[in-house]
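What follows is each chain in one-letter form.
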Number of protein chains: 2
Amino acid sequence: MTVMGRYQINAGLVLLLSFWSLAEARKLLVVPQDGSHWLSMRVVVEKLWERGHDIVAVIPEASLLMKSSENFTIKTYSVPYTQESLDRYYHAIGESCFQNPPLLEKITIMLKNISKMATMFSSTCRHLLYDEELMKYLQDSNFDAIMMDPVLPCGPIVAEFLSLPSVYFMRGLPCGLDYKATHCPNPSSYVPRLFTANSDHMMFTERVKNLLVGLSEHLLCYLLYSEYENLASEFLHRDVTILELFSTASIWLMRYDFVFEYPRPIMPNMIYVGGVNCKQKKPLSKEFEAIVNASGEHGIVVFSLGSMVSEIPMKKAIEITEALGSVPQTVLWRYTGQVPSNLPNNVKLVKWLPQNDLLAHPKTRAFITHGGSHGVYEAICNAVPMVLMPLFGDQMDNAKRVETRGAGLTLNILEMTSKDISDALRAVINDKKYKENIKRLSELHLDRPIHPLDLAVHWVEFVMRHKGAPHLRPAAHELNWIQYHSLDVFAFLLAVVLLSMFISLECCLFCFRRCFHKKGRTSKPTKSKSH
Amino acid sequence: MTVMGRYQINAGLVLLLSFWSLAEARKLLVVPQDGSHWLSMRVVVEKLWERGHDIVAVIPEASLLMKSSENFTIKTYSVPYTQESLDRYYHAIGESCFQNPPLLEKITIMLKNISKMATMFSSTCRHLLYDEELMKYLQDSNFDAIMMDPVLPCGPIVAEFLSLPSVYFMRGLPCGLDYKATHCPNPSSYVPRLFTANSDHMMFTERVKNLLVGLSEHLLCYLLYSEYENLASEFLHRDVTILELFSTASIWLMRYDFVFEYPRPIMPNMIYVGGVNCKQKKPLSKEFEAIVNASGEHGIVVFSLGSMVSEIPMKKAIEITEALGSVPQTVLWRYTGQVPSNLPNNVKLVKWLPQNDLLAHPKTRAFITHGGSHGVYEAICNAVPMVLMPLFGDQMDNAKRVETRGAGLTLNILEMTSKDISDALRAVINDKKYKENIKRLSELHLDRPIHPLDLAVHWVEFVMRHKGAPHLRPAAHELNWIQYHSLDVFAFLLAVVLLSMFISLECCLFCFRRCFHKKGRTSKPTKSKSH
């Protein structure tokens, strides 16, 4: 029998065929999060819609990327701000990335912004919860499950109110709330905390920083979540914490893959769907195809700072343009601001670009990115080395991850000079190790038994079919902190040991005293006798 | 567009088709473990062989279930015992399950048996390692990876010697060695230790027992593994511990599924393939088909005590037969001993039975089993409620898991009476809750995105393709115990706090003294002035 002759039809193929054809239409409620968060969740929601499920997403009337023109049913609710003021708000966040105030002022601004954001979005959530007509509609709809992005916890309150089993779809939560809520161990010795830009290999001082940042994150969570906690308690008519709400989640779909994230303890109800947003490559439009073909042997560089930042201060733009002009590649830059005066011929400014399709093109040599997780996964899927210019949020952490894997170089957007940019870009293009490293990561990432999109769809359908996933819920949820760490058992055993030692000592002393006393008593008569 | 019209070809289907057709033939070395352990590993090895890989398994000349007649290449090595003495050894283990000596004697016998087993099998391993011809052949074969059952750690020594990336295939290791070697947290407050028959919901006293058993397991591991440790150090010419060897494993294929096991922390390089042994149902032979069809509306009961126990003491056999005679079902009993004198018409003794095919038959009402994990998974796959008569090893733990799920009843094989057996059997057949519970478990177990066999095959191929899975290895491996638990960081922070307090106190005291002294000095002249 030849080697090829021995191949047989795969059992998984049969299973997947049945999985594909058996999907029974069910009802899913979706409570998404605006911004780039929505980009990858939409992929899953669309797939679920394609599979015939009845999907209702509730979104605010004003939003950045969530539009009411989706294929599935969209229900909007009014919000206490206009589309214009929201656009201004996001624009201001983008602008603030290029300001560099002194540290103390920076922290004050950051805390003020977080507080402002929490107030704004908890008020948005209040508008949803107290929209009687909409909530009545949701109550009457008999959903099988709810899928949400819990980073701003309006979804968990809706889930609790409607008593629906929930699927969380997310990348990470501040204060390790995801790990606390799932009782997943989270050792600070090798699991870097959010916003520290630590890797998993930390020096002593980094471990000290990691632990202290971990502790200080509680303030961040207080600022972010206390208003939601009050709202939840008020709306549900009982005292409730965000952690309590989060701990009811059935399945956590986490946009993680360990070619990018550092390996760490996980829990059975955490499903890893990193790369869920990497789409099949589509052909480029004529316009882009022409630019790419004209780039010659040097190929192209794709440059985008994400969905929230498409224009930057002119001084910075001129610096960047100068650097881009110094490389032989054609640079496709998503940029909507004023055209820099020094724009060279090899730099093409575009208002929008088909990022994944361009990254998938064999002529693409590098990707200049802000380090948002979506873009990084697209670069990994397509094996394109990166120059990272992190702006805010988890982007510093992402950049660190790419850099420790040798798949890119990070620049400080505030301090970088034209030469820094040009050097970094030349390095990732010309030094083969970057391409080799990203290729290795890409091969590992793509070598998986099931596509992350199908995995995500499977688990949402699983929760809809079985009304949750209680068999994946650890018994740790029923233990308090003392019991979980066996402190009561240790205390009991210590007490037993001490008591045994005390009793043994007392027995010894008693025997000793008896002997001594006896000796004393018996020696006296002897003494007297001898007299 | 209709609901059905919206179905589209699944991305996973495309991926799996490519996965199926892309498999490139590679070389795999297999070091299996005898007994029931081999039954499920063989399924994976056969699948890998079907997929065109070049497979060499090394097995001892004398063994219980591993035969040199397999499809793939088998290399045997001589052992210091005969097939007859090995058969006698396993027979004696089976017999000892029905003896009930006083506790102290029981423990002494158990420790003696473990010691005897360790000596016997480490000597088997020595024969393999010092079989120069065979080891030369293995060295020259340029394998891509090694797959092994590590419960008796001969495979890890071979892997280390040949510098091969390794895939472990197993269910559980004593002393939580699997969790220590992978740096997987293993809280004793809700993760029951082996051989405790605890569930994940423990009373205080059970948690005390769990912790103490966990500590005492070290003796068991010393007895089991110290000879292997000496052998490894001698053979590899350097001091090496079993834990060190185990911690080099790339992938741990664990025969776990959380419908059966209790949910607990896991690690990214642990792949869960519980139910890998559940085969597609095959039609029954004419002989068995006739028995099953003749059973009428009451159906059948399948009874087997596993591959190692097929005959039992006559007194016990008569008790069991009496109970089986009292139910209206036909009982198919795998039994090779002397026929009990009271054998009723409805009990059919057979030397072998197609267990999975019988359990898959719709007429099967119950399964009487010793609670080996293979049988339990077959019962779960086929939704058959169980009466469990655990004999040794992890079978008590397995029985507890089935019982806490309400899918079966456990009997103490030494103390059970004929009435106990009959009551338990009638209960699991007639009380609908047992069938409902096992049906629910079965549905959850079978509702998975990929068949465990394909998952296992994928990860073995992954390790062969990429020479390991280093991206799944946590940085915890580079930390010592103190660093892992951040004890040095806590000590440093405590020192900083104490030092700050000390300095603050000293400052206060200094100021206080200065003030007091000044006051004292200034008050005197005032006093003198007033005078």
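Here the structure is a predicted model, which is why all the values come from computation and not from measurement. (Residues numbered from 1 in each chain as written. Chains lettered and ligands numbered in written order. Predicted model: local features only at pLDDT ≥ 70, side-chain atom pairs only at ≥ 80, totals over all residues. Heavy atoms only, no water.)

**Q** Hey, could you run me through the state of the cysteines in this one?
**A** All names here are of chain A. According to the stated counting rule, one finds six disulfides over all chains in the structure shown. Here C175 connects covalently by a disulfide to C221, the sulfurs 1.6 Å from one another. Because the sign of the S-S torsion sets the handedness, a value of about 115° for the bond joining C175 and C221 places this disulfide among the right-handed ones. Here C175 is found in the loop between β5 (166–170) and α7 (177–182), whereas its partner C221 is found in helix α8 (residues 204–236), with 46 residues between them in sequence. (Disulfide = S-S within 2.5 Å. Helix = DSSP H or I, 4+ residues; strand = E, 2+ residues; numbered from the N terminus.)

**Q** Just to check I follow, could you spell out helix α13 (residues 373–381) of chain B for this structure?
**A** Residue and element names in this part refer to chain B. Of all nine residues in α13, nine are buried, a share of seventy percent or more. The complete set of buried residues in α13 reads S373, H374, G375, V376, Y377, E378, A379, I380 and C381. Packed against the buried residues of α13 are α2 (36–50), α12 (355–359), β11 (364–369), β12 (386–388), α14 (395–404) and α16 (432–446). Positioned one or two residues after α13, A383 has a phi angle of 55°, which is positive. (Buried < 20%, exposed > 50% of the residue type's maximum accessible area, 1.4 Å probe, protein only. Contact = heavy atoms within 4.5 Å.)

**Q** It is not clear to me how the domain arrangement of chain A should be interpreted in this structure. Could you clarify?
**A** All names here are of chain A. The domain boundaries assigned to chain A delineate domain 1 (23–274 + 451–478) and domain 2 (286–446). For domain 1 and domain 2, the distance between their C-alpha centres works out to 29 Å. Listed per partner, the contact involves 33 residues of domain 1 and 30 residues of domain 2. Carbon and sulfur atoms make up 64% of the area that domain 1 and domain 2 hide from each other, which totals about 2600 Å². (Domains from an automatic or database assignment. Buried area = accessible area lost by both parts, 1.4 Å probe.)

**Q** Would you explain the pattern of salt bridges in this entry?
**A** Close approach of charged atoms lets side chains of opposite charge pair. Residues and elements named next belong to chain A. Taken as a whole and assessed by the stated rule, the structure comprises 31 salt bridges over all chains. Close ionic contact of E160 with R238 constitutes a salt bridge, the shortest N to O distance being 2.5 Å. Taken together, the residues span a long stretch of sequence, with E160 in helix α6 (residues 155–162) and R238 in the loop between α8 and α9 (242–246) at a distance of 78 residues. Using a relative accessible area of 26% as the deciding quantity, one classes E160 as partly exposed. On the basis of relative accessible area, R238 is assigned to the partly exposed category, the value being 38%. With a shortest N-O distance of 2.6 Å, R171 and D394 are connected by a salt bridge. Here D394 lies in the loop between β12 (386–388) and α14 (395–404) and R171 lies in the loop between β5 and α7, a separation of 223 residues in the sequence. Since its relative accessible area comes to 11%, R171 is described here as buried. Judged by relative accessible area, which is 22%, D394 ranks as partly exposed. (Salt bridge = Lys/Arg side-chain N within 4 Å of Asp/Glu carboxyl O.)

**Q** Can you walk me through the environment of D397 of chain A in this structure?
**A** All names here are of chain A. Position of D397 among the secondary structure elements: in helix α14. Distance from D397 to P192, taken between C-alpha atoms, is 8.8 Å for residues 205 residues apart in sequence. With near-sequence residues (within four places) excluded, D397 lies in contact with R193, L194, F195, T196 and A197.

**Q** How should the sheet that holds strand β4 (residues 145–148) of chain A be read in this particular structure?
**A** Backbone hydrogen bonds are what pair the strands of a sheet, in a parallel or an antiparallel way. All names here are of chain A. Spatial ordering of the open sheet is given by β3-β2-β1-β4-β5-β6-β7, a layout of seven strands whose pairing is parallel. The open sheet terminates on both sides in strands that have one partner only, identified here as β3 (73–77) and β7 (270–272). With direction set aside, neighbouring strand axes in the sheet form an average angle of 20°. In this structure, strand β6 (residues 251–254) lies alongside β7, joined through three bridges in parallel fashion. Across the sheet, the residue bridging to L253 is I271, located in β7. Across the sheet, helix α2 (residues 36–50) lies against β1 (27–31), β2 (54–60), β4 and β5, angled at about 150° from β4, the strand it touches most. Relative to β3, helix α5 (residues 132–140) is tilted by about 145°, and along the sheet it contacts β1, β2 and β3. (Pairing = 2+ DSSP bridges. Axes fitted to C-alpha atoms, helices over the stretch in contact; angles between N-to-C directions.)

**Q** What should I look at first to understand the nonpolar core in this one?
**A** The nonpolar side chains of a soluble globular protein tend to be buried, and buried together. The biggest cluster of nonpolar side chains holds 270 residues, and the ones touching the most others in it are L29, M147 and L253 of chain A together with L29, M147 and L253 of chain B. Setting aside anything within four residues of it in sequence, one finds L253 of chain A in contact with M147, V167, Y168, F169, M170, I271, V273, A456, W459 and V460 of chain A. (Core = buried A, V, L, I, M, F, W, Y, C linked by side-chain atoms within 4.5 Å.)

**Q** Sorry if this is basic, but what is going on with the UniProt feature "transmembrane region" (unreviewed entry) in chain A here?
**A** Under the local residue numbering, the UniProt record ascribes the feature "transmembrane region" (unreviewed entry) to residues 489–512 of chain A. Counting secondary structure, residues 489–512 of chain A comes out at 100% helix and 0% strand; the distance between its end C-alpha atoms is 34 Å. (UniProt positions renumbered as here; feature names shortened; annotations may be inferred.)

**Q** I'm lost on the pairing of strand β6 (residues 251–254) of chain B in this one. Help?
**A** The side chains of a regular strand alternate between the sheet's two faces. Residue and element names in this part refer to chain B. Both faces of β6 are covered, namely the face carrying I251 and L253 and the face carrying W252 and M254. With four bridges joining them, strand β5 (residues 166–170) and β6 adopt parallel strand pairing. Looking at β6, one finds that V167 is bridged to I251.

**Q** I'm lost on the packing of aromatic side chains in this one. Help?
**A** Between two aromatic rings, the relevant description is the distance of the centres plus the angle of the planes. According to the stated counting rule, one finds 34 aromatic pairs over all chains in the structure shown. With a centroid separation of 5.2 Å and an interplanar angle of 85°, the aromatic rings of F260 of chain B and Y377 of chain B are classed as edge-to-face. Of the two residues, F260 of chain B is situated in the loop between β6 and β7 (270–272) and Y377 of chain B in helix α13; the sequence distance between them amounts to 117 residues. Here the two residues F260 of chain B and Y377 of chain B agree in accessibility, since each one is buried. An angle of 45° between the planes, with centres 4.7 Å apart, marks the rings of W333 of chain B and Y335 of chain B as tilted. The exposure class assigned to W333 of chain B is buried, which follows from its relative accessible area of 1%. With relative accessibility at 3%, the residue Y335 of chain B sits in the buried group. Three or more aromatic residues joined by ring pairs make a cluster, and in this case those are Y168, Y225, F246 and W252 of chain A. Across from the ring centre of F143 of chain B, 5.5 Å away, lies the NZ or CZ of K27 of chain B, which sits over that ring. Geometry around Y179 of chain B places R264 of chain B over its ring, the cationic atom sitting 3.5 Å from the centre. (Phe/Tyr/Trp six-rings, centres within 6.5 Å; stacked < 30°, edge-to-face > 60°. Lys NZ or Arg CZ within 6 Å of the ring centre and 35° of its normal.)

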